[in-house]
Amino acid sequence: MTINISLNRKKQQGHILAISFFVALFAMLSITAFSMNTALVAQEKLKLDQAIEATALAVGLAGDNLQSNDYQAIADTYRNAFFTPEQRQRVTISVNPPATRGGNYTVGGELETRFFFSQSLQGNATRIAVESDVQVLKERERLEVSLVLDVSGSMASRMGVLKNSAKSFVSTLFDSQIDSEQVYISLVPFNHKVNIGNPRTGWTSGGHCVHAYRFENNQAAQHILDLPTGGNTLFKGSSDCNSSRLLPLSNDETTINNSLNALVDSGYTEIDNGLAWAWRTLAPQWQGQWQEVPGRPLLEKVKKVIVLFTDGEGYADSGVFNQVCQQLRTQTPIIEVFAIQFGSENTALKNCATDSQHYYLAGDTQTLQQAFQDIAEKVGFTLKLKRL
């Protein structure tokens with residue numbers, strides 16, 4: 001009898017051990033599944049957040065003339081970029097457009113993620129919806145822009161479209177301004193020299209047509225911003241240029257358009273002349289030197305932009321041109337450089353632009369006009385993302 005009792009006890013202990021093993025195994029599997037599920041949800045949520053933010057920024061940079069199908073095309077592009085074909089079946093990204101042109105907008109997305117080792121009573125994998133939403137705030141900035149336009153003789157057949165494209169650019173910026181102090185624009189026409197105007201002949205050793213550099217043998221880039229305080233020895237001047245005159249920064253749209261209408265073509269191309277004088281119209285240390293009318297307040301927080309257009313590849317000094325381009329990226333304040341090349345690609349000009357998104361190659365009238373319009377819609381605001 002005693003032997004039977006011992007055997008029964010051993011059987012009971014064996015059952016208890018087996019049950020304990022399966023309980024422990026189930027707990028381990030549950031912990032593993034929970035960990036894997038948590039990691040999966042976190043990973044897919046991160047990808048959804050990134051895709052939403054990329055979509056939001058792309059919509060803002062695309063400008064204010066998007067149609068409903070354009071919004072969806074951008075959303076689909078980033079959904080395809082961030083997710084695998086299988087995941088795309090479970091992801092939706094949508095854009096709620098701005099109520100008014102240039103206004104704020106929202107971008108939202110939903111991802112239906114799956115759980116490992118988890119099934120419903122019907123045998124289907126358990127799913128959970130993960131959401132991500134951002135609001136995009138388009139904040140208008142104080143803006144100073146220098147339009148640097150090639151008016152060399154090769155532009156004869158394109159002067160009309162250049163003027164119209166530039167005037168459309170100007171109109172877009174002024175139409176979106178908050179107040180009369182928000183947008184200032186200078187105009188720097190150039191060929192092989194720049195006409196700085198008769199009132200400034202005291203800066204030169206001759207007439208009002210000048211090169212980019214102080215000395216006949218040019219100068220290092222860091223001296224480009226030397227102030228015109230040394231009498232008539234600062235720049236070598238002559239009368240060898242056309243009547244297209246430099247216009248200092250102005251917030252008067254009519255004055256700017258009148259200067260654009262007065263542009264004429266002549267001479268040959270030296271791009272660095274235009275770039276250097278554009279920098280001088282924007283540099284804080286040169287403010288007041290131009291006797292700007294109307295004058296502008298000297299503000300610390302102002303976005304400064306150069307928009308340079310040319311159909312040529314000529315330089316007074318290509319080495320100094322490259323130094324100036326580099327210094328524009330590193331000096332304070334930084335000046336953002338957009339470059340538009342008409343015709344074949346210009347590698348030096350492309351490298352001068354702030355990045356590849358700031359360089360436009362225009363092959364015809366339509367792409368030239370579109371380039372100016374795209375830039376106008378990009379420079380007037382800052383995008384800020386707010387998580388909802």
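Thresholds, definitions, all that
- Residues numbered from 1 in each chain as written.
- Predicted model: local features only at pLDDT ≥ 70, side-chain atom pairs only at ≥ 80, totals over all residues.
- Heavy atoms only, no water.
- Salt bridge = Lys/Arg side-chain N within 4 Å of Asp/Glu carboxyl O.
- Helix = DSSP H or I, 4+ residues; strand = E, 2+ residues; numbered from the N terminus.
- Buried < 20%, exposed > 50% of the residue type's maximum accessible area, 1.4 Å probe, protein only.
- Pairing = 2+ DSSP bridges.
- Right-handed = clockwise from strand over helix to strand, strands pointing away.
- Axes fitted to C-alpha atoms, helices over the stretch in contact; angles between N-to-C directions.
- Contact = heavy atoms within 4.5 Å.
- Core = buried A, V, L, I, M, F, W, Y, C linked by side-chain atoms within 4.5 Å.
- Disulfide = S-S within 2.5 Å.
- Phe/Tyr/Trp six-rings, centres within 6.5 Å; stacked < 30°, edge-to-face > 60°.
- Lys NZ or Arg CZ within 6 Å of the ring centre and 35° of its normal.

**A short note on the pattern of salt bridges**
Stage number 1. Applying the stated criterion to the full structure yields 8 salt bridges.
Stage number 2. In this structure, the salt-bridge partner of Arg158 is Asp311, at a minimum N-O distance of 2.8 Å. In this pair, Arg158 sits in the loop between strand 4 (143-150) and helix 4 (159-175) while Asp311 sits in the loop between strand 10 (303-310) and helix 7 (318-330), placing the two residues 153 residues apart along the sequence.
Stage number 3. Classification of Asp311 by relative accessible area gives buried; the value is 14%.
Stage number 4. The shortest N-O distance in the salt bridge between Lys350 and Glu345 comes to 3.7 Å.
Stage number 5. The class of Lys350 is partly exposed, set by a relative accessible area of 32%.
Stage number 6. In this structure Glu345 comes out as partly exposed when scored by relative accessible area, which is 40%.
Stage number 7. Salt bridges here are not isolated pairs; linked through shared partners, they connect Lys45, Asp49, Glu53 and Arg387.

**Digging into the pairing of strand 5 (residues 183-190)**
Stage number 1. Judged by how many residues are buried, strand 5 sits mostly within the fold: 8 of 8 residues are covered.
Stage number 2. The alternating pattern of strand 5 places Val183, Ile185, Leu187 and Pro189 and Tyr184, Ser186, Val188 and Phe190 on opposite faces, both of which are buried.
Stage number 3. The pairing of strand 4 with strand 5 spans 8 bridges and is parallel. When the sheet's bridge partners are listed, Val145 is paired in strand 5 with Ile185.
Stage number 4. In this fold, strand 4 hands off to helix 4, which returns the chain to strand 5; that crossover is right-handed.
Stage number 5. Note that strand 5 and strand 9 (residues 247-250) share 2 bridges and pair antiparallel. Note that in strand 9 the partner of Ile185 across the bridge is Ser250.

**Here we look at the sheet that holds strand 9**
Stage number 1. Spatially, the 6 strands line up as an open sheet ordered 9-5-4-10-11-12, and their pairing is mixed. Of all strands in the sheet, those bounded by a partner on one side alone are strand 9 and strand 12 (359-362). Here the strands of the sheet are splayed against their neighbours by 15° on average, with no regard to which way each runs.
Stage number 2. Running at roughly 170° to strand 11 (residues 335-342), helix 9 (residues 365-379) makes contact with strand 4, strand 10, strand 11 and strand 12 of the sheet.

**Some thoughts on the nonpolar core**
Stage number 1. Counting 40 residues, the largest nonpolar core has Leu275, Trp277, Trp279, Trp286, Ile306, Phe321 and Leu328 as its most contacted members.
Stage number 2. Going through the elements one at a time, strand 5, helix 6 (271-282), strand 10, helix 7, strand 11 and helix 8 (347-352) are the ones with two or more residues in this core.
Stage number 3. The element best represented in this core is helix 6, accounting for 7 residues.
Stage number 4. Of all hydrophobic cores here, the second largest spans 35 residues; its members include Leu162, Leu187, Leu263 and Val305.

**Topic: the environment of Leu349**
Stage number 1. Relative to the elements of secondary structure, Leu349 occurs in helix 8.
Stage number 2. Distance from Leu349 to Leu308, taken between C-alpha atoms, is 9.0 Å for residues 41 residues apart in sequence.
Stage number 3. Look past the residues within four positions of Leu349 in its chain and what remains in contact with it is Ile271, Leu308, Thr310, Tyr315, Phe321, Ala339, Ile340, Gln341 and Tyr359.

**Structural notes on the state of the cysteines**
Disulfide: a covalent bond formed between the sulfur atoms of two cysteine residues.
Stage number 1. Under the criterion given, the structure shown has 2 disulfides.
Stage number 2. Between Cys209 and Cys241 runs a disulfide, and the two sulfur atoms are separated by 1.6 Å. One disulfide, between Cys209 and Cys241, carries an S-S torsion of -60° and so falls in the left-handed class. Of this pair, Cys209 sits in strand 7 (residues 209-210) while Cys241 sits in the loop between strand 8 (237-238) and strand 9, placing them 32 residues apart in sequence.

**What about the packing of aromatic side chains?**
The relative placement of two aromatic rings is captured by the distance of their centres and the angle of their planes.
Stage number 1. Evaluation of the coordinates by the stated rule reveals 8 aromatic pairs.
Stage number 2. Between Trp203 and Trp286 the ring centres are 5.5 Å apart and the planes differ by 85°, which places this aromatic pair in the edge-to-face class. Of the two residues, Trp203 is situated in the loop between strand 6 (194-195) and strand 7 and Trp286 in the loop between helix 6 and strand 10; the sequence distance between them amounts to 83 residues. Of the two residues, Trp203 and Trp286, neither departs from the other in class, the shared state being buried.
Stage number 3. Residues Trp286 and Trp290 carry aromatic rings whose centres are separated by 5.6 Å and whose planes lie at 35° to one another, so their mutual orientation is tilted. Like Trp290, Trp286 is buried.
Stage number 4. Counting every residue linked through ring pairs, the aromatic cluster contains Trp203, Trp277, Trp286 and Trp290.
Stage number 5. Above the ring of Trp277, the side-chain terminus of Arg280 is found at 4.3 Å from the ring centroid.

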